[in-house]
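Overview (structure and organization)
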There are 2 protein chains.
Amino acid sequence: MEFMTGVNKKDTVEISEILAGDFEGKTVKVNGAVHTIRDMGEVAFVVLRKREGLLQCVFEEGKTKFDLKDLKEAATVEVEGAVKSEDRAPNGFEIRLDSIRVLSEPVAPMPLAISKWKLNTSLEANLNNRSIALRNIRERAKFKIQEGVVRGFRDFLYEQGFTEIHTPKIGAKGAEGGANMFRMDYFHRPAVLAQSPQFYKQMMVGVFDRVFETAPVFRAEKHNTKRHLNEYTSLDFEMGYIDGFEDIMAMETGFLQYMVDLLKKDYEKELKILGVTLPNVDKIPTVRFDEAKRKVAEKYGRKIRNPYDLEPEEEALIGQYFKEECDADFVFVTHYPSKKRPFYAMDDPADPTFTLSFDLLYHGLEITTGGQRIHDYNMLLEKIEKRGMTTEGMEQYMDTFKHGMPPHGGLGIGLERLTMKLIGEDNVRETTLFPRDMSRLEP
Amino acid sequence: MEFMTGVNKKDTVEISEILAGDFEGKTVKVNGAVHTIRDMGEVAFVVLRKREGLLQCVFEEGKTKFDLKDLKEAATVEVEGAVKSEDRAPNGFEIRLDSIRVLSEPVAPMPLAISKWKLNTSLEANLNNRSIALRNIRERAKFKIQEGVVRGFRDFLYEQGFTEIHTPKIGAKGAEGGANMFRMDYFHRPAVLAQSPQFYKQMMVGVFDRVFETAPVFRAEKHNTKRHLNEYTSLDFEMGYIDGFEDIMAMETGFLQYMVDLLKKDYEKELKILGVTLPNVDKIPTVRFDEAKRKVAEKYGRKIRNPYDLEPEEEALIGQYFKEECDADFVFVTHYPSKKRPFYAMDDPADPTFTLSFDLLYHGLEITTGGQRIHDYNMLLEKIEKRGMTTEGMEQYMDTFKHGMPPHGGLGIGLERLTMKLIGEDNVRETTLFPRDMSRLEP
């Protein structure tokens, strides 16, 4: 009988293993995709693309047992050769090739010049050839950074006593109702796709006190802007036993600090590839919604057209204001008007036209919405009735509050937006592997 | 100007802090939900439910500044009192109450006796009152274990050089086609919900060599069994530069070993609550599909009715066989018939009626399907044509193979099934927070 006993040891080595070991002059076997071939006559540079970066291999006519004519860019190969220090090569070493074994071959020329340092193409062409475009070193680096953001979120929250949850994306009624929901048929019953895990994470506060989820959310918004997607990854948390909504902002600040440290530690290579300067997260200013509007109106000579909402341009100016006034990359805007927040938002007892809620702006773009929620059953019911809503389809959500819920609050962070701002892109599609917008359903 | 500078320090303490510190006789503040009140006359035991477990508080008539009549089970409270060692209390200590402050109160009696050790109710009643039922200590422990499984999957794969990805759940056409897809309207275009991230993770192998995703998948299967859900969490990975599909099974074995170690280390409390004995994952036997059928037929006197498929009863018997023959909790069944596997499965060159694929059975239940995929464009096209399929709607998937793809393979693990088997449950709804099946769309 045969058995599996654990990860198979490979006879091929990775870049980090070569860097960590004493391989000078030694023969190694490595695999990778042929990123570029630069034929100089007697010698050719064959650069392999590996998950850890680029690896320069030197083909020598008469020495390397292979016919260079048979090697194509985009082929995948396994090669053997001696490791040699070389300052001009990526990572400071190259491999003098003894032999090449082709694992797979392309059957068509590349639609994009992915081996260029910057992918010199339109976003449209990039997205239309997405699985190829992402092979570009800079393109793929964006998504390693994104991995770091999600890892940071989870690892920080585990440390803070949060429990990870998985809540359903198909449901009978949405957390915040309204027209923004994708509708579908569920075994002959009408169903919707979750636009947020809001109801579920609140229900789970009664179980675990502190919970989080990193999962897709779906919004049927008819927006076609640089900052909207119809499907995105939401980093959500919800925590009980808070003393006020400031606890939520403080927890988010802690996350951002943890994330920045993690990126510095484990994603230095990608930060360098993209030339990213990480934001300052030591302290994040907070400003009331109405005060922010006033400050911006005064400083930039802008009229306040709608006292109950922030226009995108106003958000941008708030970002600019706090950058100029206190060199802040982030700013918490607090106390949003009650009429612009969902029914479950806790109104400010000092003035119930405002809520104990906030948005976090990053260089003038909203990347988080959060706040304290109503935890008292009667207060919740009263607010629902005052809004002319009914509790139909939310029976279990409502029941949860009948049986005791601690004061609590939480937030949702748009992963793609946060990544976009971190790396200085200006279209959220740049930081989404396979974006979904009003016109794009493929690939 | 006010600033957020990081996580707010609380004046309340958690159970683990008390256990780690020198608190005997000292006054502390703690919060929690009132799990039970046991009134003994002059003294009452008020047990708080906190995220880390139960905490016994002692109310003393005349000493505790509070009227016990005003305290209800399911209220949330903040209490103050002195820590006192007490062997009979959970965690070995109790709190002698000085004062109680009520944070929130229930408005209706509990629908379930959640403070009982075992929730003595039907699954139906449990699911109909899910957010309350999950407050039971044993119920919630299941989902801490589930957290450990997911954490183990991610942390292990990070270590193995995998990159985490987030792929879209709404698409134009499904990875494996067929009738199992939920259909929806996407801005007046027909769309489907992803039944697996298959196409995307394969496309991403060309980018990062090794990728994984932990995300929901959707199956419109008209099954109503104990082991089927219509939405579940899939733990998926895909890896390039494999020497054979054995590399995939070896990687999964490595994950299971890592997971078991993590559960022992960080989830000991929950394992104890549920009385879980972790499975043996040192070595996992492998057996060919046809051989497994034969072995079971011989040993248990069972006729082979369909040589191309495994019936659930046959899977159960294979599990029983390997438990009896070599005390194995898991068994890899390999070389599934080609006609029962999707088009992208790599056929076995030695006999193309079988594939280089496998299922992993855990005590006789399939928890994983995986295998090697076709990486050669022409071979893929040929197989699609031989099956009478077209490449329509899969253009970008197909294009990926035109431009060079390494030999690769991967797998998908059903998180809820794996959790169910780990803790010895027999209905997958028991290990799903809010299950979705043919009749259940709420809560």
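Residues numbered from 1 in each chain as written. Chains lettered and ligands numbered in written order. Predicted model: local features only at pLDDT ≥ 70, side-chain atom pairs only at ≥ 80, totals over all residues. Heavy atoms only, no water.

Our next topic: helix H9 (residues 312–326) of chain B. Residues and elements named next belong to chain B. With 15 residues, H9 extends 21 Å between its outermost C-alpha atoms, agreeing within 8% with the 21 Å of an ideal straight helix rising 1.5 Å per residue. Those residues of H9 that sit buried are Glu314, Glu315, Leu317, Ile318, Gly319, Tyr321 and Phe322. Contact partners of the buried residues in H9: strand E13 (284–288), helix H8 (289–300), strand E14 (330–334), strand E17 (357–362) and strand E18 (365–373). Once H9 finishes, aspartate 327 follows within two positions and takes phi at roughly 50°, a positive value. (Helix = DSSP H or I, 4+ residues; strand = E, 2+ residues; numbered from the N terminus. Expected span 1.5 Å × (residues − 1). Buried < 20%, exposed > 50% of the residue type's maximum accessible area, 1.4 Å probe, protein only. Contact = heavy atoms within 4.5 Å.)

Turning next to the interface of chain B and chain A. In this complex, chain B contributes 125 residues to the contact, which on the side of chain A involves 125 residues. Roughly 10,500 Å² of surface becomes buried between chain B and chain A when both sides are summed, with 60% attributable to carbon and sulfur atoms. Remark: the boundary between chain B and chain A carries six salt bridges. With a closest N to O distance of 2.6 Å, Asp243(A) and Lys10(B) form a salt bridge. (Buried area = accessible area lost by both parts, 1.4 Å probe. Salt bridge = Lys/Arg side-chain N within 4 Å of Asp/Glu carboxyl O.)

Attention now goes to the pairing of strand E6 (residues 93–104) of chain B. Put simply, side chains in a regular strand alternate between the two faces of the sheet. All names here are of chain B. Across three bridges, strand E4 (residues 53–60) lies against E6 in parallel orientation. Paired with glutamine 56 across the bridge in E6 is glutamate 94. Sheet topology places strand E5 (residues 76–85) next to E6; 10 bridges connect them, and they run antiparallel. Looking at E6, one finds that valine 79 is bridged to isoleucine 100. (Pairing = 2+ DSSP bridges.)

This paragraph deals with the domain arrangement of chain A. Entries for chain A in the domain assignment read domain 1 (15–104) and domain 2 (137–431). Using only C-alpha atoms to locate each centre, domain 1 of chain A and domain 2 of chain A end up separated by 46 Å. (Domains from an automatic or database assignment.)

The subject of this paragraph is the pattern of salt bridges. Residue and element names in this part refer to chain A. Throughout the structure, instances matching the rule amount to 82 salt bridges over all chains. Lysine 50 is paired through a salt bridge with glutamate 14; the nearest N and O atoms lie 3.3 Å apart. In this pair, lysine 50 is assigned in strand E3 (residues 43–50) and glutamate 14 in the loop between strand E1 (2–4) and helix H1 (15–20), connecting sequence segments 36 residues apart. On the basis of relative accessibility, which here comes to 11%, the residue glutamate 14 falls in the buried class. In this structure, the salt-bridge partner of arginine 288 is aspartate 290, at a minimum N-O distance of 3.4 Å. Judged by relative accessible area, arginine 288 falls into the partly exposed class, the value being 27%. One network of salt bridges, in which partners are shared, links Arg130, Glu139, Lys142, Glu425 and Glu430.

Another point: unusual backbone geometry. Along the chain, Glu442(A) connects to Pro443(A) via a cis peptide bond; the corresponding omega equals -10°. Positionally, Pro443(A) belongs in the segment after helix H12 (415–423). At His188(A), a residue that is not glycine, the phi angle is positive and equals roughly 70°. Mapped onto the secondary structure, His188(A) falls in the loop between strand E9 (183–186) and strand E10 (189–193). For Asn91(B), which is not glycine, the phi dihedral falls at a positive 65°. Along the chain, Asn91(B) falls in the loop between E5 and E6.

On to the relation of the copies chain B and chain A. Two chain copies, one operation linking them: a rotation about an axis together with a shift along it. Of the two same-sequence chains, chain B is brought onto chain A (RMSD 0.0 Å, axial shift 0.0 Å) by a rotation of 180°. On this basis, the relationship between the two copies can be described by a two-fold rotation axis. Relative to the rotation axis, the closest C-alpha in chain B is found at Met184(B), a distance of 2.4 Å. Taken together, the interface assignments show that 100% of the residues at the interface of chain B recur at the interface of chain A, consistent with an identical surface on both copies. (Least-squares fit on C-alpha atoms with pLDDT ≥ 70 in both.)

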